[in-house]
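Below are the chains, spelled out letter by letter.
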Amino acid sequence: MDKVEEFEELRALLFSIAYRILGSVSEAEDAVQETWIRYDRSTTVPTSAKAFLSATVTRVSIDVLRSARVRREQYAGPWLPEPLLTDPYEDPERSAELADSVSMAALLLLERLSPLERSVFVLREVFAFGFDEIAPAVGRSEAACRQLLVRARRHMEAGRPRFEADRKQRQELAERFFDALRDGDVDAVRSLLAADVQMVGDGGGSAPNLARAVVGAENVARLLASVFPVLARVDVTFEPHEVNGQPGAVFRAPDGKILHTLALDVLDGRIQAIRSVLNPDKLGHLGPVADAWAVHREVKKARRRTD
């Protein structure tokens with residue numbers, strides 16, 4: 001194979017590594033493109049294209065993450081990863097682990113790690129790279145990488161997200177949840193929520209959003225059951241869709257443009273967390289983005305008409 005063929009064969013893996021390190025689709029795509037530029041300019045022939053490209057995209061991602069962390073500390077409101085509807089990298093033997101590792105909950109937990117810890121954890125725990133491959137990727141010795149992994153595991157274990165093991169059960173519960181929302185059935189919605197459920201939205205200051213997280217089954221159920229019928233009256237629609245490897249939905253404005261995404265964490269037959277990404281800057285990779293403020297104004301008008 002020539003360089004282009006080698007790179008294209010590994011593109012899905014490179015993107016999946018970068019996305020898990022960065023939590024951003026756009027930044028991951030940029031990291032993959034930068035990796036190609038460096039590979040194309042390189043005059044040496046690597047023993048393993050996979051090892052060379054994986055190490056390169058990791059180093060690029062670490063540099064991007066270091067600058068991104070400053071921006072995230074100054075972010076307006078809660079920060080959530082950019083939603084990923086389909087992970088391009090597939091491994092049938094590890095599909096469940098790959099899906100869980102890309103969940104909103106897992107990516108938020110990875111945010112607690114240093115860039116080096118995060119990169120070592122992703123390469124080792126998610127993609128099963130050997131320490132001899134990880135060391136050159138992060139510029140540390142194998143012994144240092146083992147220590148980084150120990151620290152990363154300790155942080156991850158302290159808050160490791162847990163999900164319903166049976167993916168079919170997750171999906172069936174999500175279907176019941178969305179059916180109840182369509183009907184505006186507060187009792188049905190409440191019955192599917194964990195007592196301490198949290199609902200969080202990421203508008204980034206660029207879209208209408210909750211002032212703070214909503215906590216508790218009663219509060220979340222009443223909020224959802226009051227909002228969704230009004231959204232339906234102004235012709236906002238939603239399509240159930242896996243979001244970051246978990247059950248969720250994509251919402252569209254009346255003109256068909258993307259309004260926001262919603263992802264669910266399901267465990268023990270209940271929804272533990274609901275996370276919605278409304279920031280238009282994080283939705284462009286999914287298609288044309290709606291004017292969320294215009295939809296918000298229509299929702300307010302619809303509410304006044306029914307009050």
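The next thing to look at is the layout of surface pockets. What the largest pocket holds in volume is close to 580 Å³. Every residue lining the largest pocket is counted, 23 residues in all, and those nearest its centre are Pro208, Val227, Leu231, Leu278 and His296. Those elements that provide at least two residues to the lining of the largest pocket are strand 1 (193-202), helix 11 (217-233), strand 5 (258-267) and helix 12 (292-306). Broken down by element, the residue count for the lining of the largest pocket peaks at 6 residues, all from helix 12. When grouped by side-chain class, the residues that make up the lining of the largest pocket number 16 nonpolar, 5 polar and 2 charged. Approximately 450 Å³ is the volume attributed to the second largest pocket. For the second largest pocket, the lining is made up of 17 residues, of which Gln198, Asp265, Gln272, Ala273 and Arg275 are closest to its centre. Among the secondary structure elements, those contributing two or more residues to the lining of the second largest pocket are helix 5 (104-110), strand 1, strand 5 and strand 6 (270-277).

It is worth spelling out helix 11 at this point. Between its first and last C-alpha, helix 11 extends 25 Å over 17 residues, near the 24 Å set by a 1.5 Å rise per residue. For helix 11, every residue scored as buried is listed here: Ala217, Val220, Ala221, Leu224, Ala225, Phe228, Val230 and Leu231. Looking at the residues trailing helix 11, positive phi occurs at aspartate 235, about 70°.

The next point concerns a positive patch on the surface. Among the surface-exposed residues, Arg233, Lys300, Arg303, Arg304 and Arg305 lie close enough to one another that they form a single positively charged patch. If you tally residues by element for the positive patch, the top one is helix 12, at 4 residues. Relative to the assigned elements, arginine 233 resides in helix 11. Assessed through its relative accessible area of 43%, arginine 233 is described here as partly exposed.

Each value, and the rule that gives it
Residues numbered from 1 in each chain as written. Predicted model: local features only at pLDDT ≥ 70, side-chain atom pairs only at ≥ 80, totals over all residues. Heavy atoms only, no water. 1 Å grid on protein atoms, 1.4 Å probe; cavity = no way out; pocket = protein on both sides within 12 Å on 5 of 7 lines; lining within 4 Å. Points joined across faces, edges and corners; volume = space filled by probe spheres on them. Helix = DSSP H or I, 4+ residues; strand = E, 2+ residues; numbered from the N terminus. Nonpolar A, V, L, I, M, F, W, Y, C, P; charged D, E, K, R; others polar. Expected span 1.5 Å × (residues − 1). Buried < 20%, exposed > 50% of the residue type's maximum accessible area, 1.4 Å probe, protein only. Patch = residues over 30% accessible without salt bridge, like charges linked within 9 Å, V, L, I, M, F, W, Y side chains within 5 Å. Areas by Shrake-Rupley, 256 points an atom, 1.4 Å probe, with all protein chains shown as cover. Salt bridge = Lys/Arg side-chain N within 4 Å of Asp/Glu carboxyl O. Lys, Arg positive; Asp, Glu negative; His and termini not counted. Charge placed at Lys NZ, Arg CZ, Asp CG, Glu CD.

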